[in-house]
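Working through the structure, step by step
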Amino acid sequence: QLDEALAVARLWGFERALVLVDNVDDHQMEPAAVWSLARALVADATGLAEQGLFLKLFLPASLEARVAEEPSAGGIHTLRLQWNERRLRKLLHERFRAAGTYRRDFGDLAEPGLDDLDERLLAAADGSPRRLIRLVDEMFHAYVGRLAEAGLAYGAPIREADMRAAMNKVRDDAERR
């Protein structure tokens, strides 16, 4: 499939392509299982780069040493992302502002008493940018579903029930894995 992707990229006029591989650890797999999925790509990274196909793998930190030990990993650079509340808050605000809104934060879109919505989302994310983005996504799915079901127009405030539905969905999905 990578060969086909590169062929399409070249048809479109691109000399190089970047392949992002994420969610290999989305199901809370053991590091050995994640490595079994990622190893072939790491082993072939140099050959792929020679063809103009570059990889960016988002792997658990526990696999950093295995990547470095791979014989063909000479051209692979690793970077460990450390997420803290300040960086997550910045991510949340960048995603919020990317929509081009004049609103200051999610609390500005919420019902009275929920003006600390950003803080609640950050706390529920528990240091995970992926979880933060999923929470926001699920919150808006709950919001849109609630408005559609009630026949309300968009623009009604986000309710605590929307936020709770998102938190429950993300928690339940994690427990099922």
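The following paragraphs examine the structure supplied in this document.

What counts, and where the lines are drawn
- Residues numbered from 1 in each chain as written.
- Predicted model: local features only at pLDDT ≥ 70, side-chain atom pairs only at ≥ 80, totals over all residues.
- Heavy atoms only, no water.
- Axes fitted to C-alpha atoms, helices over the stretch in contact; angles between N-to-C directions.
- Helix = DSSP H or I, 4+ residues; strand = E, 2+ residues; numbered from the N terminus.
- Left-handed = near helix turned anticlockwise from the far one by under 90°.
- Contact = heavy atoms within 4.5 Å.
- Nonpolar A, V, L, I, M, F, W, Y, C, P; charged D, E, K, R; others polar.
- Patch = residues over 30% accessible without salt bridge, like charges linked within 9 Å, V, L, I, M, F, W, Y side chains within 5 Å.
- Areas by Shrake-Rupley, 256 points an atom, 1.4 Å probe, with all protein chains shown as cover.
- Salt bridge = Lys/Arg side-chain N within 4 Å of Asp/Glu carboxyl O.
- Buried < 20%, exposed > 50% of the residue type's maximum accessible area, 1.4 Å probe, protein only.

Here we look at the packing of helix 5 (residues 85-98) against helix 7 (residues 129-150)
Between helix 5 and helix 7, the shortest axis-to-axis distance is 10 Å and the interhelical angle comes to 35°. Handedness of the crossing formed by helix 5 with helix 7: right-handed. Packed against helix 5, whose contacting residues are Leu 88, Leu 91, Leu 92 and Arg 95, the element helix 7 presents Pro 129, Leu 132, Ile 133 and Val 136 at the interface. Classifying every residue of the contact of helix 5 with helix 7 gives seven nonpolar, no polar and one charged.

Some thoughts on a nonpolar patch on the surface
A contiguous nonpolar patch, built from Leu 18, Leu 20, Phe 54, Phe 58, Leu 79 and Leu 81 and spanning about 610 Å² of accessible area, is present on the exposed surface. Residue position: Phe 54 is located in strand 2 (residues 53-57). Under the relative-accessibility criterion, Phe 54 is labelled partly exposed at 34%.

Quick look at the environment of Glu 149
Assignment of secondary structure puts Glu 149 in helix 7. When the C-alpha atoms of Glu 149 and Leu 81 are compared, they prove to be 40 Å apart, with 68 residues separating the residues in sequence.

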